[in-house]
Amino acid sequence: MGASRNFGAWRHLCVGVFAFGSRTWRRRLSVCPGLRRLTRWPVSMSDSVPDISHDQHAVRRQKLAELRAAGFDPFRANVATTHFSQDAKALHVDGQDYATPVTVAGRLVTFRVQGGSSFVKIQDQQGQIQLYFRKDVLGEERYTVFKKQLDLGDIIGVTGPLFKTKTGEITVRVDAFTLVSKALRPLPEKWHGLSDAEQVYRQRYLDLIVNQESRHRLMTRARIVSAVRRFLEDRQFLEVETPVLQSVAGGAAARPFQTHHNALNTDFVLRISLELYLKRMLVAGYDRVFEIGRNFRNEGISRRHNPEFTMLEVYQAYSDYRGMMTLVQDLLRHLVRDVVKPTETEGEGESAITRPSMRIKHAASGEWIDFGAEWREVKYKDLIIEKTGDPQWFSRSKEEKIAGVQKLGLFADAKWEDFELTNEIFGKLIEPNLIQPTFVTHLPKELCPLAKITADDSSTIDVFELIIGGMEIAPAYSEQNDPDVQRAMFEAQAGEEQQKVDHDFLLALEHGMPPAGGMGIGIDRLAILLTGAESIRDVILFPQLRNTAG
RNA sequence: GGUUUCCUAGCUCAAUGGUAGAGCAGUUGACUCUUAAUCAAUUGGUUCAGGGUUCGAGUCCCUGGGGAACCA
C-alpha cells in the first residue's frame, strides 16, 4: 500500500510499535526530519496576515499547512494499533501501573490542557479511552506540537503504558503519538451534541461521533442483524440473495419504483418484497432459506416508513404458520436476552440488586413490553367482535358496516370493500393498542393471496400477524402451494389492485413446492422496538430526505 | 398531498417591532492527576432565500427552500 509510505517519517517516535514498511525504507525515512523541525517554525503572524482566529476552518487549514511545511503530512501517515479502547482498558491489572504498553487510535473528543500535563480522550468503535500527555515524558518539542497543532476532532494514534489515575480511570500515559488525520472542520458542541434533526440525518457521521445514544442504538441494530443471521444459520437456514431488479413487483401490495435497463431496453421495478423468489428456492429444494434485503416502496415517508427498508424473510419447508410462531418467539427472545440484554434493578442504594430482564420499555406508550411472559394468541374476528360489540359483524351488510365504522369515530369510504371497512377498525383501533406481543391469527383471506385457506373456515387464511408495541412486526403464513388456487387468488386480486401476475412464479409452483411456513420481519421496525426508538429514522443510518436545492 | 410549527455565530440556545446576546468551541495567556477542568483576556453574524408593510423587521405579511409533528 503506497499510502503507508510516509509513515516511517514518524517511526522513530514510536519505536517498535509501527510495523509498516520494509527495513530499507525505514532506513530511508529515518532521515526524514519529521516534526522535530516543527518547533523551529514559530507560529508568528505578521501584521499583514489577516486575523483568522475566529474562523475554525481557516485555523485548522493553517495548522495543516504548518505541519506539511515542517515535513509531516497527516494524510500520509498511519498507525498500527494493537487494541481497541475497551479491550485495552481490560488489559490493565490493578496495582500494576505502567506495565502494559498499548497502541490505540481514535478521534480526539475531549481536550483538557493544564500546563505541562494534559488529559484528552479519544473515541474509537468501542468507545472512549483517556490519554495522559506529559511534557516531561514527551519532551518540550513534541508536547508543544501536541498542544498547538492538534484539535478536537483530529484522529491520532498513541503508544504508551496503561495506568490508573487517582480518580480510578484507566488511562494511557502517552510515550509517542502520531496524527493520522486532520479534522479541518470543528465538531458539534461537546455537551449538547448535535440536535438539529436535519443535520443529524444529513451528516449522520457527526451525530454518531458526538451523540452516544445514536452510537449505541445503531450499533445495536447491527448486532441484531448479525444475531438474526447466526440464529437462523444455527437452525440450518441458508442465506440466499434474490433479484432487486424485477419485471413484476410481487409479494405485497405497494407502489414500486420504476427503472430502466438500457442494454436490454426493458423497464424494471425495484422489489417491494422478497417473497416470490424465496419460494422459488423452496421449489429448488433449498428447504430452509432466508434473505435479509432491501425492499423499496414508492410511498409516503413517515415515522414508520422509509422508501427503502430492510426485510428478513424466512421460509421453512414442512413447517406452517404455527411452526413460524415458535420460530419467531424463540428468535425475539434470543435477541432480547443476548443482544439487548435489558436489566432490572430492585431495591435502593447499597442493597440494590441488578438482574437480567426480558422487559423493554415501549417509547410511545411508556409501557413495559414483557418478552418473557406468555404471548397472547387471538383470532382477528374475535378482536373485531370485541371492539364493535357486535357478534354478527361479519354477516352485516356493507351499509351496516359503514355505519358501524363511523359509529366508532372513523372515516368510512363507500368505495371500500367489506374487508377494508373491517380492517380500518383493526388498523386504527386495535393494532395500535396491542403493546404486549400478540399473535393475531386467521385474518380475512382478502388480506393476503399467498397463504393457505383455513381448513374449516373458507373466509380466513392460516396466518398470524405478530403485533408488538402497536406495530406489525412479523406476518407469517402457511404458504399457498397449490398453483391453481394461487393463480385464482392472484387474478382476483389483480382485478382489484391492478397488479400484474407473476406467471413465472406460477410456473415454478406447478413444478411442486413443498408445504412450508414463511415469515417476514421488518428489521427496521424490530430495531425501533428493541432499541426503544421513536422513529424509523433513528434506526436507519441515512434515512431518505429531500434533496437540498443548490 | 393537507394542517400546525421551526430555521439566529462552527454547535446548543436567547433577544415587547427599537443598538443581535450567552454558553461551549476558536484565538492569546496562566496552570504537571483532569472528568462539561479552572482562571484571565479576546475574535466571530448577509438572523434560510427573495419580496412586502413600517420612520424602523430576527420579530408582522406573501412567495420559495429545508426540517419536525399530526392527518391523508
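As a reminder, the structure under discussion sits directly above these lines.
Residues numbered from 1 in each chain as written. Chains lettered and ligands numbered in written order. Predicted model: local features only at pLDDT ≥ 70, side-chain atom pairs only at ≥ 80, totals over all residues. Heavy atoms only, no water.

**Comments concerning the pairing of strand β12 (residues 308-317)**
With respect to burial, β12 is a largely interior element, nine of its ten residues being buried. As paired strands, strand β11 (residues 288-296) and β12 are joined by nine bridges and run antiparallel to one another. Bridging across to β12, E291 finds its partner in E313. Pairing analysis gives seven bridges linking β12 to strand β23 (residues 516-522), with the strands arranged antiparallel. By the bridge assignment, Y315 is partnered in β23 with G518. (Buried < 20%, exposed > 50% of the residue type's maximum accessible area, 1.4 Å probe, protein only. Helix = DSSP H or I, 4+ residues; strand = E, 2+ residues; numbered from the N terminus. Pairing = 2+ DSSP bridges.)

**Some thoughts on the pattern of salt bridges**
A side chain with one charge can pair with a side chain of the opposite charge if their charged atoms come near. All told, the structure shown has 28 salt bridges when counted by the stated rule. Among the ionic pairs, R68 bridges to D73, the shortest N-O distance being 3.4 Å. Among the residues examined, R68 registers a relative accessible area of 41% and is labelled partly exposed. The salt bridge partner of D524 is R221, with a shortest N-O separation of 2.8 Å. On the criterion of sequence distance, the pair formed by D524 in helix α16 (residues 523-531) and R221 in helix α8 (residues 212-234) is long-range, its members being 303 residues apart. We classify D524 as buried; its relative accessible area is 3%. Taken together, the shared-partner salt bridges in this structure form one network comprising K63, D151, D154 and K182. (Salt bridge = Lys/Arg side-chain N within 4 Å of Asp/Glu carboxyl O.)

**A look at the environment of I461**
Mapped onto the elements of the fold, I461 is located in strand β20 (residues 457-461). Along the chain, I461 and I292 lie 169 residues apart, while their C-alpha atoms are 25 Å from each other. Filtering out sequence-adjacent residues up to four positions away, I461 remains in contact with H442, L443, P444, K445, C448, A451, K452, I453 and T454. (Contact = heavy atoms within 4.5 Å.)

**Here we look at empty space enclosed by the protein**
Following the criterion strictly, the structure yields one cavity of 30 Å³ or more and no others. Taken as a whole, the largest cavity holds about 40 Å³ of empty space. Every residue lining the largest cavity is listed: Q246, V248, G250, S273, L274, E275, L276, Y277 and D502. With three residues, the single largest contributor to the lining of the largest cavity is helix α9 (residues 275-284). Here the lining of the largest cavity is composed, by residue class, of four nonpolar, three polar and two charged. (1 Å grid on protein atoms, 1.4 Å probe; cavity = no way out; pocket = protein on both sides within 12 Å on 5 of 7 lines; lining within 4 Å. Points joined across faces, edges and corners; volume = space filled by probe spheres on them. Nonpolar A, V, L, I, M, F, W, Y, C, P; charged D, E, K, R; others polar.)

**Re the sheet that holds β11**
Pairing within the open sheet is mixed, and its eight strands lie in the order β7-β11-β12-β23-β22-β21-β18-β17. A strand with exactly one partner marks an edge of an open sheet, and here the two such strands are β7 (238-239) and β17 (376-379). Relative to β23, strand β22 (residues 471-478) runs antiparallel, the two sharing three bridges. Within β23, the residue paired with Y477 across the bridge is G518. Running over the sheet, α8 touches β7, β11 and β12 and is turned about 155 degrees from β11. (Axes fitted to C-alpha atoms, helices over the stretch in contact; angles between N-to-C directions.)

**Focus: the protein's contact with RNA strand B**
Contacts to RNA strand B come from 49 residues, most closely from R112, T167, K190, E198 and R546. One of the side-chain N or O atoms of Q56 is found 3.1 Å from a base nitrogen in RNA strand B. Separating a phosphate oxygen of RNA strand B from a side-chain N or O atom of K190 is a distance of 2.5 Å. Within the residue set of the surface near RNA strand B, elements represented by two or more residues are α2 (56-69), β1 (101-114), β2 (117-124), β3 (127-134) and α6 (197-202). Taken together, the residues of the surface near RNA strand B break down into 15 nonpolar, 16 polar and 18 charged. (Near = heavy atom within 4 Å. Polar contact = N/O pair within 3.5 Å; in protein donor to acceptor, adjacent residues only side chain to side chain.)

**Quick look at the packing of aromatic side chains**
Inspection of every chain in the model, using the stated rule, returns 14 aromatic pairs. Both rings, one in W375 and one in F439, keep their centres 5.7 Å apart while their planes meet at 40 degrees; by these two values the pair is tilted. On the criterion of sequence distance, the pair formed by W375 in the loop between β16 (368-370) and β17 and F439 in strand β18 (residues 438-441) is long-range, its members being 64 residues apart. Accessibility assignment for this pair places W375 and F439 in one class, buried. Measuring from ring centre to ring centre gives 6.2 Å for F490 and F505, while their planes differ by 55 degrees; the resulting arrangement is tilted. (Phe/Tyr/Trp six-rings, centres within 6.5 Å; stacked < 30°, edge-to-face > 60°.)

All quantities given are derived from atomic positions and should not be read as evidence of function.
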